[in-house]
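Understanding the architecture of this molecule
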Amino acid sequence: ILSDVMFVIATFLAFLYLHGLDTEGQFRPSVEAVPSVLASAVLAAAAIVAALTWTWGRGGLDSSDSARVRSGAVMAWVITFAAFIGDLVLFAGLNFAVPFHAYASGIELFVFYHGVHLLLALIIGGLVIGRLFSGRLAGRGYVLKAAGYWFWWVAAAAVLTTLATAFIK
């Protein structure tokens, strides 16, 4: 997770650098449409809800409520899947003119990489859910906790992306 944090921070800093370096007004040409920030905010909200749901489900470990753990993990996975589909739709709807300028490249990178984050959350969550339902996670609550760290990082990165796309134009 730490290496991914560093990569995302470097990407945001590069985006800011390109915006600051824009001496000829070509970072985002005025004829280029700005994508809706609302879609990004909805995806960020979905990632936050998925992380909250995962954390709620993990709370069932303390009370030995396996139904809560399972339902929390499955609901978080379903919400993440819906966000992943939404991210694919958003990425397909980006209609920047070719050749891409710095703004378009940055936005496309942010949307694509958020999709990668969501895909990894689906894989990680799916593996944990598989172990939960097969009974091979007993006594290994730390696995749920570690997976929860990834869900929270996906949510934090989504919020950062939304803020970057909302205020840097």
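Heads up: the structure comes first, above all this text.
Right, let's walk through the structure included here.

Definitions and limits used
- What you see as residue numbers is a count from 1 along each chain, following the sequence as written.
- Where local features are concerned, this predicted model is filtered to residues with pLDDT of at least 70; where side-chain atom pairs are given and counted, the filter is 80 or more; whole-chain, interface and lining totals use all residues.
- As a convention, hydrogens and water are excluded, and side-chain values are obtained from all of the structure's heavy atoms.
- Residues enter a nonpolar core if they are buried and are Ala, Val, Leu, Ile, Met, Phe, Trp, Tyr or Cys, with the set joined through side-chain atoms within 4.5 Å.
- Using a 1.4 Å probe on the protein chains alone, a residue whose accessible area is under 20% of its type maximum counts as buried, one over 50% counts as exposed, and one in between counts as partly exposed.
- Counting from the N terminus, the helices are the DSSP runs of H or I reaching at least four residues and the strands are the DSSP runs of E reaching at least two.
- To obtain an axis, a line is fitted to C-alpha atoms, over the contacting stretch when the element is a helix, and the angle between two such axes runs from 0 to 180 degrees between their N-to-C directions.
- Orientation is classified from the angle alone, with under 35 degrees giving roughly parallel, over 145 giving roughly antiparallel, 65 to 115 giving roughly perpendicular, and any other angle giving oblique.
- By definition, turning the near helix anticlockwise from the far helix through less than a right angle yields a left-handed crossing, and turning it clockwise yields a right-handed one.
- Here the term charged refers only to Asp, Glu, Lys and Arg, the term nonpolar to Ala, Val, Leu, Ile, Met, Phe, Trp, Tyr, Cys and Pro, and the term polar to all other amino acids, Gly among them.
- Stacked, tilted and edge-to-face are the three classes applied to pairs of Phe, Tyr and Trp rings, where Trp contributes its six-membered ring and a pair requires centres within 6.5 Å; stacked means planes under 30 degrees apart, edge-to-face means over 60, and tilted covers the rest.
- The rule for a charge over a ring is simple: NZ of Lys or CZ of Arg within 6 Å of the ring centre, and within 35 degrees of the ring normal.
- Contacts are residue-level and defined by heavy atoms, with any inter-residue pair within 4.5 Å sufficient.
- Here a polar contact is recorded for every N or O atom pair within 3.5 Å, except that within protein the pair must consist of a potential hydrogen donor and a potential acceptor, and residues adjacent in sequence are included only if both atoms are side-chain atoms.

1. Brief notes about the nonpolar core
One finds Phe15, Trp54, Ile107, Leu144 and Phe151 to be the most contacted residues of the largest nonpolar core, which totals 43 residues. Among the secondary structure elements, those contributing two or more residues to this core are helix H1 (2–20), helix H2 (37–58), helix H3 (66–93), helix H4 (102–134) and helix H5 (141–167). Ranked by residue count, the leading element in this core is H4, at 11 residues.

2. Thoughts on the packing of H2 against H5
Where H2 meets H5, the closest approach of the two axes is 9 Å, and the angle between their N-to-C directions is 160 degrees. On the basis of the axis angle, H2 is roughly antiparallel to H5. Our pair here, H2 against H5, has a crossing hand that is left-handed. Classifying every residue of the contact of H2 with H5 by side-chain character gives 18 nonpolar, six polar and two charged.

3. What about the packing of aromatic side chains?
Tallied over the entire structure, the rule returns eight aromatic pairs. With a centroid separation of 6.1 Å and an interplanar angle of 35 degrees, the aromatic rings of Phe15 and Tyr103 are classed as tilted. With a gap of 88 residues between them, Phe15 in helix H1 and Tyr103 in helix H4 connect regions that are remote in the sequence. Ring plane angle 90 degrees and centroid distance 6.3 Å describe the contact between Phe96 and Tyr103, whose orientation is recorded as edge-to-face. Lying across the ring of Phe133, Arg70 places its NZ or CZ 5.1 Å from the centre.

4. Looking at the environment of Asp4
Within the element layout of this structure, Asp4 appears in helix H1. Exposure remark for Asp4: the relative accessible area of 9% places this residue in the buried category. Discounting chain neighbours no more than four positions away, the residues touching Asp4 are Tyr113, His117, Trp150 and Trp153. Within polar-contact distance, the side chain of Asp4 engages the side chain of His117 at 2.4 Å.

5. Structural notes on the packing of H3 against H4
At their nearest, the axes of H3 and H4 sit 9 Å apart, and the two run at 155 degrees to each other. Here H4 runs roughly antiparallel to H3, going by the angle between their axes. Crossing of H3 against H4: the hand is left-handed. Grouping the constituent residues of the contact of H3 with H4 by class yields 18 nonpolar, five polar and three charged.

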